[in-house]
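Spelled out from the first residue to the last, the chains are:
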Amino acid sequence: MAVCVAVIAKENYPLYIRSVPTQNELKFHYTVHTSLDVVEEKVSAVGKALADQRELYLGLLYPTEDYKVYGYVTNSKVKFVIVVDSSNTSLRDNEIRSMFRKLHNSFTDVMCNPFYNPGDAIQSRAFDSVVSGMMVQAC
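Residues numbered from 1 in each chain as written. Predicted model: local features only at pLDDT ≥ 70, side-chain atom pairs only at ≥ 80, totals over all residues. Heavy atoms only, no water.

(A) Structural detail: the sheet that holds strand S2 (residues 14-19). Strand order in the open sheet made by the 5 strands is S2-S1-S5-S4-S3, with antiparallel pairing throughout. Only two strands of the sheet have a single neighbouring strand rather than two, namely S2 and strand S3 (57-63). For this sheet the average axis-to-axis angle between neighbouring strands, irrespective of direction, equals 15°. Pairing of strand S1 (residues 2-8) with strand S5 (residues 79-85), which is carried by 6 bridges, proceeds in the antiparallel orientation. Among the inter-strand pairings, Ala 6 is bridged to a residue of S5, identified as Val 81. Across the sheet, helix H2 (residues 93-112) touches S1, S2, S3, strand S4 (67-73) and S5, and the angle it forms with S5 is around 140°. (Pairing = 2+ DSSP bridges. Helix = DSSP H or I, 4+ residues; strand = E, 2+ residues; numbered from the N terminus. Axes fitted to C-alpha atoms, helices over the stretch in contact; angles between N-to-C directions. Contact = heavy atoms within 4.5 Å.)

Structure, rendered in structure tokens:
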């Protein structure tokens, strides 16, 4: 399903980025970082509308010719970005939401690890396997 999964810290530096075609890795880094502007716009717009209750799932951030970029923001302002191939038309919004829920649950497990220092790059094998599961479905 996904061709790139990224976890971006509150201060907008990458904690984790993984892409399936490794030859396009730099392109995906650029795509993820350009999506952060859209994420900030959506978070500030939602924050003005609903101060207390905000939806964590941001939906489609923007489509490109080849990819669709989706976003999700946790309560602690950590951002998740999933890039999906545009040719995959069978992928529905609720499937994207479930991917983000799995990613968020796995991220929570990483944060609960007493040996993980918040702000460091994520190097968890369990987190890697969850992300790989999201990407293997595409191949």
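(B) Looking closely at the packing of aromatic side chains. Counted under the stated rule, the structure contains 6 aromatic pairs. With a centroid separation of 5.1 Å and an interplanar angle of 65°, the aromatic rings of Phe 28 and Tyr 67 are classed as edge-to-face. Taken together, the residues span a long stretch of sequence, with Phe 28 in helix H1 (residues 25-49) and Tyr 67 in strand S4 at a distance of 39 residues. Taking the relative accessible area as the measure of exposure, Tyr 67 reaches 11% and is therefore buried. Among the aromatic residues, ring-to-ring pairing joins Tyr 57, Tyr 72, Phe 80, Phe 100 and Phe 107 into one connected group. (Phe/Tyr/Trp six-rings, centres within 6.5 Å; stacked < 30°, edge-to-face > 60°. Buried < 20%, exposed > 50% of the residue type's maximum accessible area, 1.4 Å probe, protein only.)

(C) Spotlight on the nonpolar core. In terms of nonpolar packing, the biggest core is built from 28 residues, with Val 7, Phe 80, Ile 96, Phe 100, Phe 107, Ile 122 and Phe 127 touching the most fellow members. Counting only elements with at least two residues in this core, the list comes to S1, S2, S4, S5, H2 and helix H3 (125-136). At 6 residues, the largest contribution of residues to this core is made by H2. Those residues within four positions of Phe 100 in sequence are excluded, and the remaining contacts are Tyr 57, Tyr 70, Gly 71, Tyr 72, Phe 80, Val 81 and Ile 82. Grouped together as the second largest cluster of nonpolar side chains are 19 residues, Ala 6, Phe 28, Val 32 and Val 83 included. (Core = buried A, V, L, I, M, F, W, Y, C linked by side-chain atoms within 4.5 Å.)

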